[in-house]
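An overview of the molecular structure
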Amino acid sequence: NSNNNNNTNNVNQGSKLPIGATKINPRTDKSNTIKTFLVGCVAGAVAITPIVQLHIYTFPSETIANELSQFQFDIFTGAISGGSFASVYRYFVKEVKDDKLVNNVVGAFVLAKSFSRIRTSYYCEGLYCGAPLGFMDWDMSRQFVLSAAENLALFGAVALVIEYACDRGYIRRD
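Quantities reported herein were computed from a predicted structural model and do not represent experimental measurements.

Note that Ser87 resides in helix α3 (residues 67-95). Ser87 gets classed as buried once you look at its relative accessible area, which sits at 17%.

Attention shifts here to the nonpolar core. Among the nonpolar cores identified, the biggest contains 25 residues, and Phe85, Tyr89, Val106, Val158 and Ile162 are the most heavily contacted of them. Of all the secondary-structure elements, those providing two or more residues to this core are α2 (26-58), α3, α4 (99-116) and α5 (138-168). What Phe85 contacts, discounting residues up to four positions off in sequence, is Val105, Val106, Phe109, Phe155, Val158 and Ala159. Counting 7 residues, the second largest nonpolar core, distinct from the first, contains Ile118, Cys124, Met140 and Phe144.

Take a nonpolar patch on the surface next. Taken together, the side chains of Leu111, Phe115, Leu127, Leu133 and Phe135 make up a nonpolar region of the molecular surface, amounting to roughly 540 Å² of accessible area. Along the chain, Leu111 falls in helix α4. Here Leu111 falls in the partly exposed class, since its relative accessible area comes to 44%.

Attention now goes to the confidence of the model for the protein chain. The predicted model of the protein chain averages 83 in pLDDT, with 83% of residues at 70 or higher. Across residues 4-13 the pLDDT falls below 50, and counting only partners more than four positions away or on other chains, this stretch makes 0 contacts in the model.

What follows covers unusual backbone geometry. Geometrically, the link from Ala131 to Pro132 is a cis peptide bond, its omega value of 10° lying close to zero. When you line up the elements, Pro132 lands in the loop between α4 and α5.

Turning next to the packing of aromatic side chains. One pass over the structure, following the stated rule, counts 7 aromatic pairs. Between Phe109 and Phe155 the ring centres are 5.5 Å apart and the planes differ by 65°, which places this aromatic pair in the edge-to-face class. Here the residue Phe109 occupies a position in helix α4, and Phe155 occupies one in helix α5, the gap between them amounting to 46 residues. By relative accessible area, Phe109 is classed as partly exposed at 28%. Of the aromatic side chains, those joined through ring pairs into one cluster are Phe85, Tyr89, Phe109 and Phe155.

Criteria and thresholds
Residues numbered from 1 in each chain as written. Predicted model: local features only at pLDDT ≥ 70, side-chain atom pairs only at ≥ 80, totals over all residues. Heavy atoms only, no water. Helix = DSSP H or I, 4+ residues; strand = E, 2+ residues; numbered from the N terminus. Buried < 20%, exposed > 50% of the residue type's maximum accessible area, 1.4 Å probe, protein only. Core = buried A, V, L, I, M, F, W, Y, C linked by side-chain atoms within 4.5 Å. Contact = heavy atoms within 4.5 Å. Patch = residues over 30% accessible without salt bridge, like charges linked within 9 Å, V, L, I, M, F, W, Y side chains within 5 Å. Areas by Shrake-Rupley, 256 points an atom, 1.4 Å probe, with all protein chains shown as cover. Salt bridge = Lys/Arg side-chain N within 4 Å of Asp/Glu carboxyl O. pLDDT = per-residue confidence, 0-100. Phe/Tyr/Trp six-rings, centres within 6.5 Å; stacked < 30°, edge-to-face > 60°.

Set out below in structure tokens:
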């Protein structure tokens, strides 16, 4: 009988949560993760649509062969990026309460996606492409600025919408 009590005590001791931790219902967490992703997809697509339109139709690039296809592709990838960012952002703000760090997450996503969209000029040799920066010429700099504006709108809007949804209780942070 005392042996049976020892096993029960071990089970109870092992099921205690760390201080400050909350027990997460897997169904609720999965539901909130899906909602977060979907809200991020919609918010991201809506936020970047006008900027992508400017990017493609007002400031066209020589490398875009089919403007409509590029427009649709950019909105689609923006939606997926928005949903992915929303999921990461929700988990990050749940753990970190420092507004500066939260803003840095948005900035990190903006920089990473903006640099990845730059296409090098045909005359670049290695990492030298000319003025103004050496590793980026004027055309590449223009690409970066347009991409950064697009991505700032995308990730900034998604962060605001996720904050709003969490504050109103539509999506749980935990």
